[in-house]
Amino acid sequence: MILPVYAYGQPVLLKKAQPVSEDYPQLAEFIENMWETMYNASGVGLAAPQVGKSLRIFIVDTKQVQKEGEEEKGIKKVFINPEIIEENGKLWAYEEGCLSIPDIRGDVMRKEFVFIKYLDENFEEHTEMFGEMEARVIQHEYDHLEGILFTELLKPLKKRMVNRRLQKIKKGDIKSEYRMRFVAP
Ligand code: ZN
């Protein structure tokens with residue numbers, strides 16, 4: 001089932017999300033719905049707060065953005081109760097976007113590598129290092145669990161430039177390719 005994507009302005013996007021227990025009701029179904037929602041909106045990552053649940057879960061599929069024949073370079077993973085242990089490498093800029101903030105893109109500086117501990121959909125623990133685009137998406141999605149949106153990480157001038165558009169999104173005064181839920185009707 002495709003879920004509505006919560007838009008910029010929704011309080012759930014600014015909250016620190018709560019840890020998930022293994023007996024959380026209908027967890028497998030919820031994760032399945034997250035996948036469906038993400039693919040429907042052509043995203044490479046989605047965090048539970050973006051579909052209105054303040055839970056520490058995000059999903060990432062960077063296989064879709066690899067060159068043909070190189071899909072194995074990407075990852076398709078569920079991250080439950082993730083903990084970033086360390087970020088390292090040099091800072092690099094990349095133009096990010098977010099399904100909760102349609103039509104706004106902007107350069108965000110992040111470190112190259114992320115070392116992260118997480119549970120998969122079977123609640124098996126992993127500790128892994130990710131780099132490049134995988135690290136980038138993981139860092140962006142992890143921020144969602146901390147209530148941080150990428151627009152907060154833009155340079156001050158860019159932040160001012162996107163502010164009017166953010167206010168429009170808040171009011172639902174935008175067109176989006178997928179179903180969204182806005183603060184104000
Ligand atoms: Zn996002």
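Residues numbered from 1 in each chain as written. Predicted model: local features only at pLDDT ≥ 70, side-chain atom pairs only at ≥ 80, totals over all residues. Heavy atoms only, no water.

**Q** What exactly am I supposed to notice about the packing of aromatic side chains here?
**A** Remark: the centre distance and the inter-plane angle together describe each pair of aromatic rings, the angle taken between the planes. Applying the stated criterion across every chain yields a total of five aromatic pairs. Relative to Phe79, the ring of Phe58 lies with its centre 4.7 Å away and its plane at 25°, an arrangement referred to as stacked. Taken as a pair, Phe58 in strand E3 (residues 57-61) and Phe79 in strand E4 (residues 76-98) lie far apart in primary sequence, 21 residues in all. The class of Phe58 is buried, set by a relative accessible area of 0%. Taking the relative accessible area as the measure of exposure, Phe79 reaches 0% and is therefore buried. For the pair Phe79 and Tyr118, a centre-to-centre distance of 4.4 Å together with 50° between the ring planes defines the contact as tilted. Highlighted residues: Phe79 in strand E4 and Tyr118 in strand E5 (residues 101-119), separated in sequence by 39 residues. Each member of the pair, Phe79 together with Tyr118, is buried. By the ring-pair criterion, three or more aromatic residues cluster together here, those being Phe58, Phe79, Tyr118 and Phe130. Lying across the ring of Trp35, Lys76 places its NZ or CZ 4.7 Å from the centre. Directly above the ring of Trp92 sits Arg136, whose terminal nitrogen or CZ lies 4.3 Å from the centroid. (Phe/Tyr/Trp six-rings, centres within 6.5 Å; stacked < 30°, edge-to-face > 60°. Helix = DSSP H or I, 4+ residues; strand = E, 2+ residues; numbered from the N terminus. Buried < 20%, exposed > 50% of the residue type's maximum accessible area, 1.4 Å probe, protein only. Lys NZ or Arg CZ within 6 Å of the ring centre and 35° of its normal.)

**Q** What's the story with the sheet that holds strand E6 (residues 125-131) in this structure? I'm lost.
**A** In any sheet, the strands associate via hydrogen bonds between backbone groups, in a parallel or an antiparallel arrangement. Pairing is antiparallel across the open sheet formed by five strands, whose spatial order is E2-E3-E4-E5-E6. Of all strands in the sheet, those bounded by a partner on one side alone are strand E2 (45-47) and E6. Across the sheet, the mean angle separating the axes of adjacent strands is 40° when strand polarity is ignored. Pairing of E4 with E5 involves 13 bridges; the strand directions are antiparallel. Along E5, the bridge assignment pairs Ala93 with Met109. Sheet strands touched by helix H2 (residues 132-145): E2, E3, E4, E5 and E6. Its angle to E4, the strand with the most contacts, is close to 115°. (Pairing = 2+ DSSP bridges. Axes fitted to C-alpha atoms, helices over the stretch in contact; angles between N-to-C directions. Contact = heavy atoms within 4.5 Å.)

**Q** Sorry, what's going on with unusual backbone geometry here?
**A** Most peptide bonds take the trans configuration, and most residues that are not glycine carry a negative phi. Despite not being glycine, Phe123 shows a phi value in the positive range, around 60°. Topologically, Phe123 is positioned in the loop between E5 and E6. The buried category is assigned to Phe123, whose relative accessible area is 17%. Despite not being glycine, Glu132 shows a phi value in the positive range, around 50°. Among the secondary structure elements, Glu132 is positioned in helix H2.

**Q** Is there a simple way to explain the environment of Arg110 in this structure?
**A** As for its position among the elements, Arg110 is in strand E5. Sequence separation between Arg110 and Glu146 is 36 residues; the distance between their C-alpha atoms is 16 Å. Excluding residues that lie within four positions of it along the chain, Arg110 makes contacts with Lys90, Leu91, Trp92, Glu96, Arg136, Gln139, His140, Asp143, Phe150 and Leu153. A distance of 3.0 Å separates a polar atom in the side chain of Arg110 from a polar atom in the side chain of Asp143. (Polar contact = N/O pair within 3.5 Å; in protein donor to acceptor, adjacent residues only side chain to side chain.)

**Q** For this particular structure, what's the right way to read H2?
**A** Along an α-helix, residues three or four positions apart point the same way, because every turn accommodates 3.6 residues. Taking 1.5 Å of rise per residue, 14 residues should cover 20 Å, and H2 covers 21 Å from first to last C-alpha, within 8% of that figure. By the burial criterion, the buried members of H2 are Glu134, Ala135, Arg136, Val137, Ile138, Gln139, His140, Glu141, Tyr142, Asp143, His144 and Leu145. Packing partners of the buried residues in H2 comprise E2, E3, E4, E5 and E6. A positive backbone phi angle near 80° is found at Gly147, which sits one or two residues after H2. (Expected span 1.5 Å × (residues − 1).)

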